[in-house]
Amino acid sequence: MPIHNADIAAIFEQIADLLEIENDNPFRIRAYRNAARTLRNLGQDVGDMLAGGKDLTKLPGIGKDLAAKIEEIVATGRCRTLDKLHKRTSPGLSELLRIPGLGPKRVSALYHELDIHTPEQLYRAARDGRIRALPGFGEKTEQHILENIEAHVQKDSRIKLATAAQYARALEAYLRQAAGVSQVTVAGSYRRCRETVGDLDILVCAGNDSPVMDHLILYDEVAQVLSQGRTRATVILRSGLQVDVRVVDKKNYGAALYYFTGSKAHNIEIRKLARKRGLKINEYGVFQNGRRVAGDTEASVLGAVGLPYIAPELRENRGEIEAAQAGMLPQLVERGDLKGDLHAHTKATDGHDTLKAMALAARERGLEYLAVTEHSRRLTVAHGLDQRRLLQQMEQIDELNETLRGITLLKGIEVDILEDGRLDLPDAVLGRLDLVIGAVHSKFHLSRARQTRRILRAMDHPHFTLLAHPSGHLLLERAPYDVDMPRIIRHARERGCFLELNAHPMRLDLLDSYCMLAREEGVLISINSDAHSTMDFDNLAYGVGQARRGWLEKKDVLNTRPLEVLRGLLKRTM
Ligand code: DGT
Ligand code: CA
Ligand code: CA
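For the structure given in this document, a descriptive report is provided here. Note on numbering: residues in each chain are counted from 1, in written sequence order. Here chains are named by letter from A upward and ligands by number from 1 upward, in the order in which they appear as written. Reporting of local features is limited, given that this is a predicted model, to residues whose pLDDT is at least 70; pairs of side-chain atoms are given and counted only at 80 or more, and all residues count toward the totals for whole chains, interfaces and linings. Side-chain metrics in this entry use all non-hydrogen atoms of the structure; hydrogen atoms and water are not considered.

### Observations regarding the overall build of the protein
Now for step 1: Counting its secondary structure elements, the protein contains 24 helices and 17 strands.
Now for step 2: Across its three principal directions, the C-alpha atoms of the protein cover 80 × 75 × 50 Å.
Now for step 3: Burial statistics for the protein: of 574 residues in total, 53% are counted as buried.
Now for step 4: We call two residues in contact when some of their heavy atoms are within 4.5 Å. Taking the intrachain contacts of the protein between residues at least 6 apart in sequence as the baseline, contacts between residues at least 24 apart amount to 68%.
Now for step 5: With an accessible surface of roughly 26,500 Å², the protein has 49% of that area assigned to carbon and sulfur atoms.
Now for step 6: Counting 82 positive and 77 negative side-chain charges, the protein places the averaged centre of each group 2 Å from the other. Every helix listed is a DSSP run of H or I at least four residues long, and every strand listed is a run of E at least two residues long, numbered separately from the N terminus. Relative accessibility under 20% of the residue-type maximum defines a buried residue, over 50% an exposed one, and the middle range a partly exposed one, all with a 1.4 Å probe and only protein chains included. Throughout, the Shrake-Rupley method with a 1.4 Å probe supplies accessible areas, and for residues the shown protein chains are the sole cover considered. The sign given to each residue is positive for Lys and Arg and negative for Asp and Glu; His and the chain ends receive no count. Charge coordinates come from a single atom per side chain, which is NZ of Lys, CZ of Arg, CG of Asp or CD of Glu.

Here is the structure:
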């Protein structure tokens, strides 16, 4: 396996970190860091340079000693200096360095002053209040450490769907370049659009003689190869993400895709159905008495058990098989069904772009209307609008709408729901807006009863139209607040207001199960980008994925309505 510049840079940085923890000579530490930077910015692989007989000491920050180390790493894949350091220091120290907020300086202090060299020891020390006494730490830092370490442990190595997409798209494109590859699909939870993903399951369609597996392990991002065969391999990327790759031939592609898309619970039920018909389903096809009867396409697999095609987002064994049997599968909403977006911010508060730039970007994405919904005054960190600034913005929107073609800006606000359920701006101004989004941005820890009452009261407000990010979680970072969501959904129906499905990759809030409930109760959901820049409109696709997991059809989604219909719906009648 060839060594890339980034691998060598990572080794040098590890050496620098560990030396720093040992309070080694600062010049020596800096030399390693400078060399790492040089390597990361180099246009050419040092391995190639060495092979071409080039002198590495000509590179900035690389002296004789470091050049020799680079040669050692290129030749052997190892570095004795790092190996020695690893032997000397506890392995937990490297893990401590990975906890957000802990650099080598802090880890060094924790190690020398409190003899902490594992995350567990750090956790106990923080919980017992021993960290705050260290110079340069304090109570706040101790609290942060506690939170970060909890998140570090809980994370359980799942990653957000949008993050997974960055790795998946790049690797997908890379694998397509191998000879003999005709198709690459990322299956598993990724294809089902789960909001977080445990690992990537990639299916490659290629002939017997394709070198795709050798190609895979040469991928720049591969840090570790756990197993490699001709048809299956598992690797770990530098980010820590695991990737399972299967190679199948064209004949089995449908059956394999179906199998590796899952979910496991769904697959098990389908196999039971097959057994009742005297069929056997596996990743190679559908078989009857050893004879293959289907498997070229996913539809053929489902067809063999008498079912119509079931979209991947539905395959969770949550009633989709029964619905398919009854011919009652939902006709799931698609990105192209969205006619507008009802939640966006501009430079006036914490967004990055102007009103006009946001409007034009929305139009470019095929939208006909965009609601501008800045934060309200209470949210000072976001530079929230007071009445005066909001009225100013409303005037600007009127002026812009005179000149804009093909897109209409709507006047809105994302108003804070105060602790007692009042809204953060006076009725007079709220009544002049096209829509009022209410949001909880504070007091996340109220009791279930009080949190629920707070939101129900806000919805009683005559101008309230839409509840923003109803659960309030941040994926893998902050748990949802405790609230009676079924009650809120019923209340929305009684009051004629709506719930948001916030498409921001950090949120994906409303949860799919509550989308299903809202649909049953007849409460429309608005799939909103919560865009803070022109690029964020692309996130609508993630919102649509989540909506599909929640069985939503076009008719269940508020912002599939044309503008004139929408205007009617936004007027509260109750
Ligand atoms: P994840 O990675 O935790 O986000 O979730 P998945 O659904 O991607 O799960 P993963 O990666 O363990 O497996 C990928 C798919 O492979 C899974 O959705 C269904 C299929 N699969 C894996 N193990 C089994 C199994 O034991 N039985 C069956 N029927 N299918 C399996
Ligand atoms: Ca997976
Ligand atoms: Ca897997």
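### Section: unusual backbone geometry
Now for step 1: A cis geometry characterises the amide bond from Gly262 onward to Ser263, with omega recorded as -5 degrees.
Now for step 2: Backbone geometry at Cys193 places phi at a positive 60 degrees, although glycine is not the residue there.
Now for step 3: With respect to the secondary-structure elements, Cys193 resides in the loop between helix H11 (188-191) and strand E3 (196-197).
Now for step 4: One non-glycine residue, Asp530, lies in the positive phi region at around 55 degrees.
Now for step 5: Mapping Asp530 onto the fold places it in the loop between strand E17 (525-528) and helix H23 (540-549).

### Considerations on the environment of Thr141
Now for step 1: Within the secondary structure, Thr141 is located in helix H9 (residues 138-154).
Now for step 2: In the structure, Thr141 is positioned 417 residues away from Leu558 in sequence and 44 Å away in space, judged by C-alpha atoms.

### Remarks on the site of ligand 1
Now for step 1: The nearness test applies per residue and asks whether one of its heavy atoms lies within 4 Å of the molecule or strand. With respect to spatial proximity, 16 residues lie near ligand 1, and among them Arg158, Ser189, Gly198, Asp199 and Arg271 are the closest.
Now for step 2: Two N or O atoms count as a polar contact when they lie within 3.5 Å, although within protein this holds only if one can serve as hydrogen donor and the other as acceptor, and sequence-adjacent residues are included solely when both atoms are side-chain atoms. Contact between ligand 1 and Thr261: an oxygen atom at 3.5 Å from a main-chain N or O atom of the residue.
Now for step 3: A total of 600 Å² of accessible area belongs to ligand 1 in isolation, and the protein chains cover 72% of it.
Now for step 4: Put simply, the parts of the chain that give the shell around ligand 1 at least two residues each are H11, helix H13 (253-261) and helix H14 (264-276).
Now for step 5: The classification used treats Ala, Val, Leu, Ile, Met, Phe, Trp, Tyr, Cys and Pro as nonpolar, Asp, Glu, Lys and Arg as charged, and all other residues, Gly among them, as polar. For the shell around ligand 1, a count of residues per class yields three nonpolar, seven polar and six charged.

### Some words on helix H8 (residues 119-127)
Now for step 1: Looking at H8, one finds that the buried residues are Pro119, Leu122, Ala125 and Ala126. Buried positions in H8, seen along its axis, are confined to an arc of 125 degrees and lie on one side of it.
Now for step 2: Just downstream of H8 lies Gly129, where phi reads positive at about 75 degrees. Taking the helix axis as origin, the arc is that swept by the directions to the C-beta atoms.

### Considerations on the coordination of the calcium ion (ligand 2)
Now for step 1: The donor definition counts N, O and S atoms within 2.8 Å of each metal and applies 3.2 Å to Na, K and Ca; water is not among these atoms, so some sites may look incomplete. Bound to the calcium ion (ligand 2) on the protein side are Asp199 (O), Asp199 (OD) and Asp201 (OD), at distances that span 2.2 to 2.7 Å.
Now for step 2: Under the classification used here, a metal with four donors is tetrahedral if each angle lies between 85 and 135 degrees, square planar if opposite donors are over 155 degrees apart and the others between 65 and 115, a six-donor metal meeting that same test is octahedral, and anything else is irregular. What the six donor atoms of the calcium ion (ligand 2) show is an angle range of 68 to 163 degrees at the metal, which sorts the shape as irregular.
Now for step 3: The metal-metal distance between the calcium ion (ligand 2) and the calcium ion (ligand 3) is 3.8 Å, with Asp199 serving as a donor to both. Across the pair, Asp201 and Asp199 agree in class, each one buried.

### Observations concerning the sheet that holds strand E4 (residues 200-206)
Now for step 1: Only when DSSP finds a minimum of two bridges between them are two strands counted as paired. Ordered in space as E2-E4-E7-E6-E5, the five strands form an open sheet in which the pairing is mixed. With one partner strand each, in any of the chains shown, strand E2 (181-186) and strand E5 (222-228) form the two edges of the open sheet. Put simply, the sheet's adjacent strands are angled 20 degrees from each other on average, direction ignored.
Now for step 2: As a rule, the C-alpha atoms of each element are fitted with a line to give its axis, helices using only the stretch in contact, and angles between N-to-C directions run from 0 to 180 degrees. Sheet strands touched by helix H10 (residues 161-176): E2, E4, strand E6 (232-237) and strand E7 (242-248). Its angle to E2, the strand with the most contacts, is close to 170 degrees.

### Description of the pattern of salt bridges
Now for step 1: A side-chain nitrogen of Lys or Arg and a carboxyl oxygen of Asp or Glu constitute a salt bridge if their distance falls within 4 Å. Inspection of the entire model under this criterion finds 38 salt bridges.
Now for step 2: One salt bridge connects Arg28 with Asp24, and the closest N-O pair in it is separated by 3.2 Å.
Now for step 3: Relative accessible area serves as the criterion here: at 24%, Asp24 is assigned to the partly exposed category.
Now for step 4: Salt bridges sharing common partners tie together Arg192, Glu316, Arg318, Asp512 and Arg549.

### Observations regarding the coordination of the calcium ion (ligand 3)
Now for step 1: For the calcium ion (ligand 3), the full set of protein donor atoms is Asp199 (OD), Asp199 (OD), Asp201 (OD) and Asp244 (OD), and the range of their distances to it is 2.3 to 2.8 Å.
Now for step 2: Of the residues examined, Asp244 reaches a relative accessible area of 15% and is grouped as buried.

### Some details on the packing of aromatic side chains
Now for step 1: Two rings from Phe, Tyr or Trp (for Trp, the six-membered ring) form a pair when their centres sit within 6.5 Å of each other. Planes less than 30 degrees apart are called stacked, planes more than 60 degrees apart edge-to-face, and all others tilted. Applying the stated rule across the entire model yields four aromatic pairs.
Now for step 2: Centroid distance Tyr174 to Tyr219: 4.6 Å. Interplanar angle 40 degrees. Geometry classified as tilted. With a gap of 45 residues between them, Tyr174 in helix H10 and Tyr219 in the loop between helix H12 (212-217) and E5 connect regions that are remote in the sequence.
Now for step 3: Tyr174 sits in the buried class, given a relative accessible area of 16%.
Now for step 4: On the numbers, 6.2 Å between centres and 10 degrees between planes, the contact of Phe444 with Tyr481 is stacked.

### A closer look at the environment of Thr349
Now for step 1: Among the secondary structure elements, Thr349 is positioned in the loop between strand E11 (340-341) and helix H17 (355-364).
Now for step 2: With a relative accessible area of 9%, Thr349 lands in the buried category.
Now for step 3: Considering only alpha carbons, one finds Thr349 and Ala382, 33 residues apart in sequence, at a separation of 5.7 Å.
Now for step 4: When near neighbours in sequence (up to four residues on either side) are disregarded, Thr349 contacts Glu374, His375, Ala382, His383, Gly384 and Leu385.
Now for step 5: Within the structure, the side chain of Thr349 is placed 2.4 Å from the side chain of Glu374, a separation counted as a polar contact.

### Overview of the environment of Leu171
Now for step 1: Mapped onto the fold, Leu171 is located in helix H10.
Now for step 2: Classification of Leu171 by relative accessible area gives buried; the value is 0%.
Now for step 3: Separated by 318 residues in sequence, Leu171 and Ile489 have C-alpha atoms that sit 41 Å apart.
Now for step 4: Not counting the four nearest positions on each side in its chain, Leu171 is found in contact with Ile202, Leu216, Tyr219 and Val243.

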